[in-house]
Amino acid sequence: MSELTHFTAAGDAHMVDVGAKAITARRAVAEGLIRMQPTTLALIRDGGHAKGDVLGIARIAAIMGAKRTADLVPLCHPLALTRVEVELEPEPESESESESETAAVRCRATVESQGRTGVEMEALCAVQVGLLTVYDMCKAVDRGMTIDSVRLLEKQGGRSGHWRREADA
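In this text the structure is predicted, and so the values were computed from the model without any measurement. (Residues numbered from 1 in each chain as written. Predicted model: local features only at pLDDT ≥ 70, side-chain atom pairs only at ≥ 80, totals over all residues. Heavy atoms only, no water.)

Some details on the pairing of strand β4 (residues 146–156)
And step 1. The pairing of strand β1 (residues 24–36) with β4 spans eight bridges and is antiparallel. Paired with isoleucine 34 across the two strands is isoleucine 147, which belongs to β4.
And step 2. For β4 and strand β5 (residues 163–164), the ladder comprises two bridges, and the chain directions are antiparallel. Each bridged residue has a counterpart across the sheet, and for glutamate 154 the counterpart in β5 is arginine 164.
And step 3. Here β4 folds back onto β5, and the loop between the two strands holds six residues, one of which, glycine 157, carries a positive phi near 105°. (Pairing = 2+ DSSP bridges. Helix = DSSP H or I, 4+ residues; strand = E, 2+ residues; numbered from the N terminus.)

Structure representation (structure tokens):
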């Protein structure tokens, strides 16, 4: 890719015309983390949070986020998704840059469709909405949580084919 496709030759923003593209199987995988206090992670893991099943609600929110991507990102095409899978996994305490944020929840979203354009934005949106939901549900006990490392891991389908993030990138 050598050009920004969402701009005309005159520099005006526009929605890319995908009408002539072939319908192919599309798949994208994205992930991200929300770092938190170990006590916050314990509440989530043990089901002791007053608001209920944090990870279950975040999973549903992430799926809804994937489905509503075109409503949130102005130049995204509305897509008929065929599959959205969301995994939210607590990560044990580990070394981090901040001693106060040593625990995390990892969110990974896999999104699939049969269409003319990819589903990378839907996978990334799912991760962000899932992690924001964890934040929303836990902010009363830990306002210092940090969402980071949100990134595309893999995409398949379409003219550009298969792309996978390098392991150390």
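Now that the structure has been shown, the text picks up again.
As for the side chain of threonine 40
And step 1. Structurally, threonine 40 is set in helix α1 (residues 38–46).
And step 2. Setting aside its immediate chain neighbours within four residues, threonine 40 contacts Cys138, Val141, Asp142 and Met145. (Contact = heavy atoms within 4.5 Å.)

Some words on the pattern of salt bridges
And step 1. Counting across every chain of the model gives 12 salt bridges.
And step 2. Among the salt bridges present, the one from arginine 106 reaches glutamate 31, with a minimum N-O distance of 3.1 Å. Residue arginine 106 is found in strand β3 (residues 103–115), and its partner glutamate 31 is found in strand β1; the two are separated by 75 residues along the sequence.
And step 3. For arginine 106, a relative accessible area of 23% translates into the label partly exposed.
And step 4. With its nearest N and O atoms 2.1 Å apart, the salt bridge here joins glutamate 85 to arginine 83.
And step 5. Among the charged side chains, a salt-bridge network with shared partners connects Arg27, Arg83, Glu85, Glu112, Glu154 and Arg164. (Salt bridge = Lys/Arg side-chain N within 4 Å of Asp/Glu carboxyl O. Buried < 20%, exposed > 50% of the residue type's maximum accessible area, 1.4 Å probe, protein only.)

Topic: the nonpolar core
And step 1. Core analysis: the largest hydrophobic core is formed by 28 residues, its most contacted members being Ile34, Met36, Ile44, Leu88, Val105 and Val134.
And step 2. Contributing elements (two or more residues each) for this core: β1, α1, α2 (54–67), β2 (81–91), β3 and α4 (120–138).
And step 3. When residues of this core are assigned to their parent elements, the largest contribution, seven residues, is made by α4. (Core = buried A, V, L, I, M, F, W, Y, C linked by side-chain atoms within 4.5 Å.)

Quick look at the environment of arginine 83
And step 1. For arginine 83, the location among the structural elements is in strand β2.
And step 2. Judged by relative accessible area, which is 30%, arginine 83 ranks as partly exposed.
And step 3. It is 6.7 Å that separates the C-alpha atoms of arginine 83 and serine 113, two residues lying 30 residues apart in sequence.
And step 4. Setting aside its immediate chain neighbours within four residues, arginine 83 contacts Thr110, Val111 and Glu112.
And step 5. Engagement of the side chain of arginine 83 in a polar contact is seen with the side chain of glutamate 112, the distance being 2.7 Å. (Polar contact = N/O pair within 3.5 Å; in protein donor to acceptor, adjacent residues only side chain to side chain.)

Quick look at the packing of α2 against α4
And step 1. The contact between α2 and α4 brings their axes to 7 Å, and the two run at 145°. Judged by the twist between their axes, the crossing of α2 over α4 is right-handed. Along its contact with α2, which presents Val54, Leu55, Ile57, Ala58, Ala61, Ala62, Gly65 and Ala66, the element α4 presents Glu122, Cys125, Ala126, Val129, Gly130, Thr133, Val134, Met137 and Cys138.
And step 2. Here the contact of α2 with α4 is composed, by residue class, of 13 nonpolar, three polar and one charged. (Axes fitted to C-alpha atoms, helices over the stretch in contact; angles between N-to-C directions. Left-handed = near helix turned anticlockwise from the far one by under 90°. Nonpolar A, V, L, I, M, F, W, Y, C, P; charged D, E, K, R; others polar.)

Things to note about the sheet that holds β5
And step 1. If you trace the five strands from one edge of the open sheet to the other, you get β2-β3-β1-β4-β5, paired in antiparallel fashion. The open sheet is flanked by β2 and β5, the only strands paired with a single partner.
And step 2. Sheet strands touched by α2: β2 and β3. Its angle to β2, the strand with the most contacts, is close to 145°.
And step 3. α4 contacts β1, β2, β3 and β4 of the sheet and is inclined by roughly 25° relative to β1.

Quick word on the environment of arginine 159
And step 1. Mapping arginine 159 onto the fold places it in the loop between β4 and β5.
And step 2. Distance from arginine 159 to lysine 21, taken between C-alpha atoms, is 8.4 Å for residues 138 residues apart in sequence.

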